[in-house]
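In case you want the letters, here they are:
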Amino acid sequence: MTLRKLALACAVTATSLTAAGGALAEFPSESPIRLVSPYGAGGAVDIAGRILSSVSGEFLDTRVDVISLSGAGGQEAIEYVRDAEPDGYTMLITDYGPLVTTALREDVGYELDDWIPIVQITEVAPIFFARADSAFTSIEALIEAAQAAPDTISVGHGRHLSVPHLPLILLEQEAEFSTVHLPTTGGAQALAFVLGGQVDVGASVPSTIQGSVDDGTLVALAVATAERVSSMPDVPTLLELGFDVVMPAWYTIFAHRDVPEERRAILEERIMAALESESAQALGQRTGTDVQPLGAEASMTAYQTTIGNLTAILDQLVD
Amino acid sequence: MLEFLGEAFALAFAPEVIIFACVGILLGITVGAIPGLSGDMAIAVLLPFVFVLEPASALGLLVGVYKGSMFGGSISAITFGVPGTAGAAATVIDGYQAKLAGKPNKALHTALYSSCIGDTTSDLILIFLALPLALVALKFGPVEFFALYVISLTLVAALTMGQVARGVAAAALGVMLAMIGRDPMTGAQRYTFGMPELSGGIGLIPLLVGIFAISEILVQIARMLQRRRFQQRVTTPAQDAPAYDPSKDKMDWPTFRSTFGATMLGTGMGTFIGALPGAGASLAAFMSYGLAQRLSRKPKEFGKGSLEGVAAAEAGNSATSGATFIPLFAFGIPGSATAALFGAALIMMSITPGPTMMRDNMAIIYALFFILIYANLFNLVASKVLLPVYSRLAMIQPRYVLPIVLGLAILGTFASSNSINAVWMLLAAGVLGVALRWFGVPLGPLVLGFIVGPGLEESLRQALMLGRNDWTHLVKSPLALGIYFGTFALLLLFWLLTRKRNVLTKEEVK
């Protein structure tokens, strides 16, 4: 097994060297680019990839195909990209769940620094909300009540350690209170339970609750991002309220670090241009994706911050 | 509201959607008419291809297949005495006798009209009931959902006709299979035996296609090999009764009117049973048949070619087709294998069935309602025109059909996840299906258990978390208590009804 892997690695390196030397000028026009997603088709990550895919012809000189490999909790996708030739034609598109959280909790076949972000397509803001007629119409009210009676207030937050759950854990550490964390199947269920009065507070992403906030049934309490969210400008950030909880999720395109740097630079430039284009922005509007592309450097910072935050939270949980 | 209707109308009546619905109906009647191929199997095979279609077109195709196969099953039931689908089993009793008595045309037309009436009525009830019920469902929390999941599994198991113990076992096995993968509360891996391939759980598509389609194909192939070994030549029964006079076998108004009462009984019964999570088309058909017989003016004719019997059975099984979506649309709980398949298709279109579905996807859901209604009309026309052709379709040799279905099943499953592991799971599920058939274990409860399992577990554990691990929390909600008592009363009622029927038939034998 190891021998075969070694042989494969040698072969791959050899071909990539010759390929990189011979045809650099034409990159990336030789073959279609594959964006491999660890989620099923139709999900938010998949849609983000398809936005790039539909404007690729003009900016990348080649086609971009989104391939979803959701097997083994998304690990099939990551392994597929890891094992592909590092020629820049096969990249990973993901949020931090399968890539970072799983790697920190389980044995996986890669190291976190094997992956170099190319472009962050969008940032997703975790948001806390409650019913407008409930007692918790602000984060302060929630914290006060929870401190007075620990473990009585329930917060529905999607899957365990999902994008809205982690900021909740961080906030509880930061503000010293505790609630009942209720895992749900996702934002839709968390929303239904809050609307039905089964659960006191919900945590999700803005697109899930936009409708109910607009018609006044729900109030959004706070978002866990550095800046306010453009679709809900009245909702304060936790940072503004005095809590150092910045834990946004991102959908980012990654390349393996063995992909030559020149190629990564070309990809970054072209993909940035494609996502900044009017047609990509329009597609983003239509699909509820806030397309705000960030270059390699900024994406790397976001990636590292997330790894740092997650490591801290998970260490805390193990203790 | 009105703008949604306009948008839905435009979606539903787009030319390509209409074409897909027609193709679906033709396909559905075809697979329904061929014994051994069922609508569920066809939908399962088509499921992975939902990705490449626009949502409305995909729904048109699936609805077409479903409705077509519902009626298609009765063609082979009446023509050859072999039910093309499980739901048509009750149609055989009188349908085949009517054919032998020289009334195949009347029987087929009676079946067609009662099918379409039952189906359309049930669709209308779905449309008017699903939205109010979904509003009620918004009041449902983990405790109430757990109660719903419990009744749906209880009904599935208890209503597996005549084999309650096996039904319970199959449902439990389904729930267990669904637990493989990750713990919903902590995300930790469980029951994967250290195999990373299993860490994402067993896919719905490999399991469904494997259990329904692959196992059926394997069984049929085995049968063919066996037949060859024994050198038995299967002779087709004589096509027409000796004294068949087509001029006396024309569908007319008095005939239709005489069966109308039975059609209405079947429609009511089928809609009611279809709306119960867990009860399926064949139960509905048998219950309506029994009821129609007891209330008929000529109960003695039942079993001897009574057209009323055909009408009741067909209206009964077709009337489940709209109603079966009620629990899916209102609560997100699939009430039958077919509803589960549609649920999977909706999830693939990123529409999550449940209380918030109607509100969030108004246009596409109303488009689905339009499609459900107009597909009945297409079904009626297509079937009426093509009845003579389809009567012969049931004679297509399975050896031509099976390899194609097998190929499509494997290809479709691979395409659904781009993973060869899914194909291994598909084949494993197929072998499991064969083993279960061998021991006479019903497959429906297993599939429902598999689909309902995650929700059942999650709602139970959520309820316990909210109730601070106090199990009495589960019976503290009046809504949940109502659901439990309602189920108990229903089970009692079914038990009494079926028991009485058995007594009756024994008396008749004497």
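Chain B carries the name DUF112 domain-containing protein in an unreviewed UniProt entry, which gives Roseinatronobacter bogoriensis subsp. barguzinensis as its organism.

Looking at an unreviewed UniProt entry, chain A carries the name Tripartite tricarboxylate transporter substrate binding protein, with the source organism given as Roseinatronobacter bogoriensis subsp. barguzinensis.

Concerning the interface of chain A and chain B
On the chain B side, the residues contacting the 34 residues of chain A number 32 residues. Joining chain A to chain B, the criterion identifies two salt bridges. Linking Glu106(A) and Arg182(B) is a salt bridge whose minimum nitrogen-to-oxygen distance equals 2.8 Å. The interface formed by chain A and chain B holds eleven residue pairs in polar contact (both at pLDDT 80 or more) in total. For the side of chain A that touches chain B, the elements supplying multiple residues, two or more each, are β2 (64-68), α4 (96-105), β7 (180-182) and α7 (187-195) of chain A. Per element, the largest residue contribution to the side of chain A that touches chain B is six residues, and it comes from α7(A).

Thoughts on the sheet that holds strand β10 (residues 249-256) of chain A
Residue and element names in this part refer to chain A. One open sheet accounts for five strands, arranged β2-β1-β3-β10-β4; its pairing is mixed. With partners counted over all chains shown, the strands left at the sheet margins are β2 and β4 (115-124), one partner each. Strand after strand, the sheet turns through a mean of 25° between neighbouring axes, direction not considered. Pairing analysis gives eight bridges linking β4 to β10, with the strands arranged antiparallel. Opposite Glu 123, over in β10, you have Trp 250 as the bridge partner. Here helix α2 (residues 44-60) sits on the sheet in contact with β1 (33-37), β2, β3 (90-94), β4 and β10, set at roughly 160° to β2. Contacts from helix α9 (residues 261-276) reach β1, β3, β4 and β10 within the one sheet, and its direction differs from that of β4 by about 15°.

Digging into a nonpolar patch on the surface
Residues and elements named next belong to chain B. A cluster of nonpolar side chains, Phe 414, Ile 420, Trp 424 and Leu 427, forms an exposed patch at the surface whose accessible area comes to about 400 Å². Here the nonpolar patch gets three residues from one element, more than from any other, and that element is helix α18 (residues 420-438). Mapping Phe 414 onto the fold places it in helix α17 (residues 398-417).

Section: the confidence of the model for chain A
On average, residues of chain A carry a pLDDT of 85, and 90% of them reach 70 or more. Across residues 10-24 of chain A the pLDDT falls below 50, and counting only partners more than four positions away or on other chains, this stretch makes twelve contacts in the model.

Remarks on the environment of Leu218(A)
Residue and element names in this part refer to chain A. Within the element layout of this structure, Leu 218 appears in strand β9 (residues 218-223). You can call Leu 218 buried: its relative accessible area is 2%. Taking the C-alpha atoms as reference points, Leu 218 and Arg 131, separated by 87 residues in sequence, lie 4.4 Å from one another. For Leu 218, the residues in contact, after removing those within four places along its chain, are Phe 129, Ala 130, Arg 131, Ala 132, Leu 191, Val 194, Leu 195, Ile 209, Ser 212 and Val 213.

Rules and cut-offs
Residue positions are given per chain, counted from 1 along the sequence in the order it is written. For this description, chains carry letters from A and ligands carry numbers from 1, given in the order in which they are written. Under the rules for a predicted model, residues below a pLDDT of 70 receive no local features and side-chain atom pairs below 80 are neither given nor counted, while totals for whole chains, interfaces and linings still include all residues. Only hydrogens and water are removed before side-chain values are computed, so all heavy atoms of the structure are retained for them. Contacts: residue pairs with any heavy atoms within 4.5 Å of one another. Take a side-chain nitrogen of Lys or Arg and a carboxyl oxygen of Asp or Glu: if they are within 4 Å of each other, that pair is a salt bridge. Polar contacts here mean pairs of N or O atoms no more than 3.5 Å apart (in protein, one a potential hydrogen donor and the other a potential acceptor; neighbouring residues in sequence count only if both atoms are side-chain atoms). Each helix corresponds to a stretch of at least 4 residues labelled H or I by DSSP, and each strand to a stretch of at least 2 residues labelled E; elements are numbered beginning at the N terminus. In short, DSSP must find at least two bridges between two strands for them to pair. As a rule, the C-alpha atoms of each element are fitted with a line to give its axis, helices using only the stretch in contact, and angles between N-to-C directions run from 0 to 180 degrees. Patches here: salt-bridge-free residues with over 30% relative accessible area, like charges joined within 9 Å, nonpolar side chains (Val, Leu, Ile, Met, Phe, Trp, Tyr) joined within 5 Å. Using a 1.4 Å probe, accessible areas were evaluated by the Shrake-Rupley method; residue-level cover was limited to the displayed protein chains. pLDDT measures the predictor's confidence residue by residue and takes values from 0 up to 100. The cut-offs for exposure are 20% and 50% of the maximum accessible area for each residue type, with area from a 1.4 Å probe on protein chains only; residues under the lower value are buried, those over the upper are exposed, and the others partly exposed.

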